[in-house]
Amino acid sequence: WLCAASSGNMNGKYSVASGDRQDVKFNDDYASKGHEFFDVWAPEIATHYGEVFWTDQGNQPLPPEIVKRFHNKVIAITGYEMDQVMVDPVGHPGVNPKKDVSVPINWAYNHHYMAFMTGVHSELRRVAAVPGDPMAHGAATKWIAVDKPSAAQRKDTSIPTSQFFSEGNGGESRKSFHGYPDGYAQLVESPNMWHITPMQIDTRNRDCGVSPADINNCTKFVPGPEPKQARYGLGTPADTNYSGILECPCNSRYGGDPMFYPEAQTKLIEHKYTLGSDVCKSGEGVSSAASCFAGVQTLGINASHFINKSVSEQQLPPGCSMTRLANDTVIVYFNSGGKGNCSSSSKRSGEGSSKVGVKVQIELDSSGMFKMSPAGQYCSENRASKISSFEMKSSTLQAAQEARDQCQEFCWKTSGCWGCSVDCEKLPYAYGAPIQACQWNAISSCGKVESWTGSIEGDISEKQPQGGKATLTISGPANSWFGAGFNASAMADSPYTLVVNQDGVTERKIGTCGSEAEHCPGIQLSSSVTVLSNSVVGGVRTVVMTRALVGLSKDHYSFNPFSDETIIFITAVGSSQTFAYHRAHGPMQLALTTVGSVSCVCDAGLTGRLCEAGGVNCHEFVKDCVASPAGDLLSQMNPTCNARQYSGGLNCCHHKRIMLDADQEIRPELLRYHMKFRFWFQEYQQKEVNGYGKASHANLPRIYYQTEAHAGEYDIPPAFAKPGHPVVGYPDWPLNKPTPGTTCTGNCPDGPDCECVHTITFHWTVSNIRLIYAGGHCHAPSCISIDLYHNLTGTPQLLCRQLPKYGQGNFPKDKFDEAGYVALPPCLWSDEDPSLDNSVWLPKNTPMISVKKNKNTHLGHFGEMASWQMRGVNFPAEPPTFI
């Protein structure tokens, strides 16, 4: 739907900040500046109370008039507005826009959205997201826009072929300004499509109705049912103006904490025992014989029987260890007097079976990973190309071999490492017999091979990237496909997966469909296996194959050739030979050990797994939370950082999940509505067209950082634990002590003047940018402020202060004034608009600081966010032009 500029802002007047000044006199009225607009609607969203909608809605065409007008031309998007609307007739958006009815934010909570506009020279592709990728917003995958080949044939290849829209993109979005000062825009050449992935949570009490006719019912918020874990289990306050469901509390359907659901098995908290070839690190020793014997049983070791022994023998390692015998007997030792070392060899193997009839055997042969020189050689560039060094611990041959092996392990895992070379660089020693002054250097190149008197085989060891071999044997039902995904507890982990049927073996990366990853076939990978046999006996198909230890690509699994380990799997079987939705699935694990070697067993501490009710379809994770002094989440032990503490947020809020307990009713009434965007634009003029010697608009690339780095969200616990009500995520936190990140004033915790604030910070650097727009992301209802500083001089200088404006409940007179919900006025800068602060050039490695504050005196909040969604340019401001 295309319209001239006469109708004004879709959402009314906006507030804008600049630096520390609020409500500056910036002209936010697009129409008064002669800008044009067009409207677009996304496909329908239809949800039950408590349901999460979090999936992409596909490519949607732009209005034909826009596509035609800007074919081989550039549109300058100067801003946008968004809404969520019920339409008439139902299911037909844009037919009668004057009858659109805005859906209040306390009916359907806009958690966040991500939108793209693409052109004829670009397309969207879904790719896997590395843990902590800010563009994924917590999902396992993300969409990216990529250029088509035709993009390189354009006259001006500096013009973008696509744009991303995700500023102030949550509950604050409708009344937060998404526009730019004059002369700046998001540029797109030949635009033709837009695409949105919204995350919405249905919070409308069904007793109040969900149709346009019900818009004046319950204008003062009436909460619906909430799970026990919502609001930290403290119940729904009588005067609340928001739903606890919008914070994605884990519950008895998925992820609920045993504190509230002791019988549901939705969170399993257990000690995590690990296998290794080295003595356990400090603090990771197994504390008792009982724990040792029980822990070994959890490692996935395939044995005919276990023999447990409590001993005091010096030749064995201290604490817990195990040895696998040739007859598949495993002897487990708890040793109170040991001084020995753990051991391994170049050949390790293991076997495991799942409850759905899939069996996996793995044999690893790591010989051939390095080409070993005879004793008496070294590389001439062993110092000039040194990456890292590994010194001998004593003057023995064993110490020399250990230093060489440590170097090889480092080199194998390090990109750009050529291999290892002996080096005796410490004076007064020269090359000679093995002495404590010698070391092995990991090097990027060898140079010439020089001679000396010699140390050990492997004085030089050259890495062989395709060295070593894995032999894999996988079996399952012959009448259907079956598969095993490596190092995964759920499809959403997007694992490397072997899929077997009567035609052979395919390798896939499954679960690559973002929030729908639970049922996604993923992508087929290039083949890296050589099938040796594919046979059927007694209705069981068995396939034997080999492949290299190192994966063919980053999406192929790479085996660890240096240590015993336990690998977890997901397995599944289908209903036919065609790979499709599974008939049954189940977990599996196997341990890779060496017959006759002694493997150390260590206690890595408590770990957690979030599960569906009954302890099924579990998922374990540890997020990439940044350590102090850069960030605060790890030092605050924030529960978002790992599955053991996790209590609410994106991991419990997947697409189609119902955020209620299993014993709470799912009401049948559907809330039906559409996301609606209004894009404001001008025609872009190139330099030679514009009489002032420069283009009409500078493009604004996106600049994004998370204060909650790199978790994508964080928890704000209540300021204090209460008697009989421990804080979920911090179950042992003492009474009368502020929770991590909290500072208080007044007589706390119970005095009427008690006021508490939760704070997180993040420190990082930027280089060669000039900010023009900065919009934070801060969820209702506890946001106090989010501040951005630069530190060019040694004293932090405030760049932007965002103070939320809270709705006063003047609904329906003001349809966007829902009580307790926020608008976040963004900061704008301009060197030409007198209402705004001048922009600041931030040169190379400028230190930046973000400070986010939320109120938590009595209530806590799950899944809060604190990101900076900014736009700027990478050139300094031009000097003024005098006329």
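Everything below is about the structure printed above this text.
To keep things clear, this report deals only with the structure shown in the data block. (Residues numbered from 1 in each chain as written. Predicted model: local features only at pLDDT ≥ 70, side-chain atom pairs only at ≥ 80, totals over all residues. Heavy atoms only, no water.)

## Some words on the sheet that holds strand 46 (residues 797-802)
Definition in use: The criterion for strand pairing is that DSSP finds at least two bridges linking the strands in question. Only DSSP runs of H or I with at least four residues qualify as helices, and only runs of E with at least two residues qualify as strands; both kinds are numbered from the N terminus onward. Every axis corresponds to a line fitted to the C-alpha atoms, with the helix fit spanning only the stretch in contact, and the corresponding angles, defined between N-to-C directions, vary from 0 to 180 degrees.
With antiparallel pairing, the 5 strands of this open sheet are ordered in space as 42-43-51-45-46. Two strands bound the open sheet, and with one partner strand each, they are strand 42 (742-745) and strand 46. Here the strands of the sheet are splayed against their neighbours by 25 degrees on average, with no regard to which way each runs. Two strands pair when backbone bridges link them, and strand 45 (residues 783-790) and strand 51 (residues 846-855) are joined in this way by 7 bridges, in the antiparallel orientation. Its bridge partner lying in strand 51, Asp787 is registered against Val851.

## Details of the packing of aromatic side chains
Quick note on the threshold: Stacked, edge-to-face and tilted are the three classes for Phe, Tyr and Trp ring pairs, Trp counted by its six-membered ring, which pair at centre distances within 6.5 Å; planes under 30 degrees apart are stacked, over 60 edge-to-face, the rest tilted. Think of it in three bands: with a 1.4 Å probe and only protein chains considered, a residue is buried below 20% of the maximum accessible area for its type, exposed above 50%, and partly exposed in between. Both a distance and an angle decide whether a charge sits over a ring: NZ of Lys or CZ of Arg must be within 6 Å of the ring centre and within 35 degrees of the ring normal.
Inspection of every chain in the model, using the stated rule, returns 33 aromatic pairs. Residues Tyr80 and Phe165 carry aromatic rings whose centres are separated by 5.5 Å and whose planes lie at 80 degrees to one another, so their mutual orientation is edge-to-face. Within this pair, whereas Tyr80 is found in strand 6 (residues 74-86), its partner Phe165 is found in strand 11 (residues 162-165), the two being separated by 85 residues in sequence. Accessibility classification places Tyr80 together with Phe165 in one group, the buried group. An aromatic cluster of three or more residues is present, and its members are Phe38, Phe70, Tyr80, Tyr113, Phe165, Trp194, Phe677, Phe679 and Phe681. Over the face of the ring belonging to Tyr14 we find Lys175, whose NZ or CZ atom lies 5.3 Å from the ring centre.

## Re the state of the cysteines
Where we set the bar: When two cysteine sulfur atoms lie within 2.5 Å, the pair is treated as a disulfide.
Tallied over the entire structure, the rule returns 16 disulfides. With its sulfur 2.2 Å from that of its partner, Cys248 forms a disulfide with Cys653. The sign of the -75 degrees torsion about the S-S bond sets the Cys248-Cys653 disulfide as left-handed. Separated by 405 residues along the polypeptide, Cys248 in the loop between strand 13 (191-202) and strand 14 (267-276) and Cys653 in the loop between strand 37 (616-619) and strand 38 (671-683) bring together distant segments of the chain. You'll find Cys248 and Cys653 in the same group, each marked buried.

## Structural notes on the nonpolar core
Across soluble globular proteins, nonpolar side chains show a tendency to be buried alongside one another. We count it as follows: Put simply, a nonpolar core is a bunch of buried Ala, Val, Leu, Ile, Met, Phe, Trp, Tyr and Cys residues held in one set by side-chain atoms that sit within 4.5 Å of each other. For this analysis, residues touch if any pair of their heavy atoms sits within 4.5 Å.
The biggest cluster of nonpolar side chains holds 48 residues, and the ones touching the most others in it are Val360, Ile362, Trp440, Ile474, Phe559 and Phe569. No other element matches the 6 residues that helix 3 (residues 397-413) contributes to this core. In this structure, Val360 is in contact with Gly350, Glu351, Gly352, Thr473, Ile474, Ala484, Phe569, Met588 and Leu590, ignoring residues within four places of it in sequence.

## Digging into the pattern of salt bridges
Selection rule: We define a salt bridge as a side-chain nitrogen of Lys or Arg found within 4 Å of a carboxyl oxygen belonging to Asp or Glu.
Inspection of the entire model under this criterion finds 37 salt bridges. Three or more residues are tied together by salt bridges with common partners; here these are Glu36, Arg69, Lys73 and Glu683.

## A short note on unusual backbone geometry
With an omega of 10 degrees, the peptide bond running from Cys748 to Pro749 counts as cis. Inspection of the secondary structure puts Pro749 in the loop between strand 42 and strand 43 (755-766). Residues Phe811 and Pro812 are joined by a peptide bond in cis, for which omega reads 10 degrees. Of note, the phi angle at Asp328 is positive, near 65 degrees, even though the residue is not glycine. Relative accessible area serves as the criterion here: at 33%, Asp328 is assigned to the partly exposed category. Of note in the backbone geometry, Lys656 takes a positive phi value of approximately 75 degrees without being a glycine. Along the chain, Lys656 turns up in the loop between strand 37 and strand 38.

## Brief notes about the sheet that holds strand 22 (residues 386-391)
If you walk across this open sheet you meet the 5 strands as 20-26-23-24-22, and the pairing is antiparallel. Each edge of the sheet is formed by a strand with only one pairing partner; in this case those strands are strand 20 (370-372) and strand 22. Neighbour-to-neighbour, the strand axes of the sheet open up by a mean angle of 25 degrees, direction not taken into account. Sheet topology places strand 23 (residues 419-423) next to strand 26 (residues 460-463); 3 bridges connect them, and they run antiparallel. Counted as the bridge partner of Cys420 is Ser461 from strand 26.

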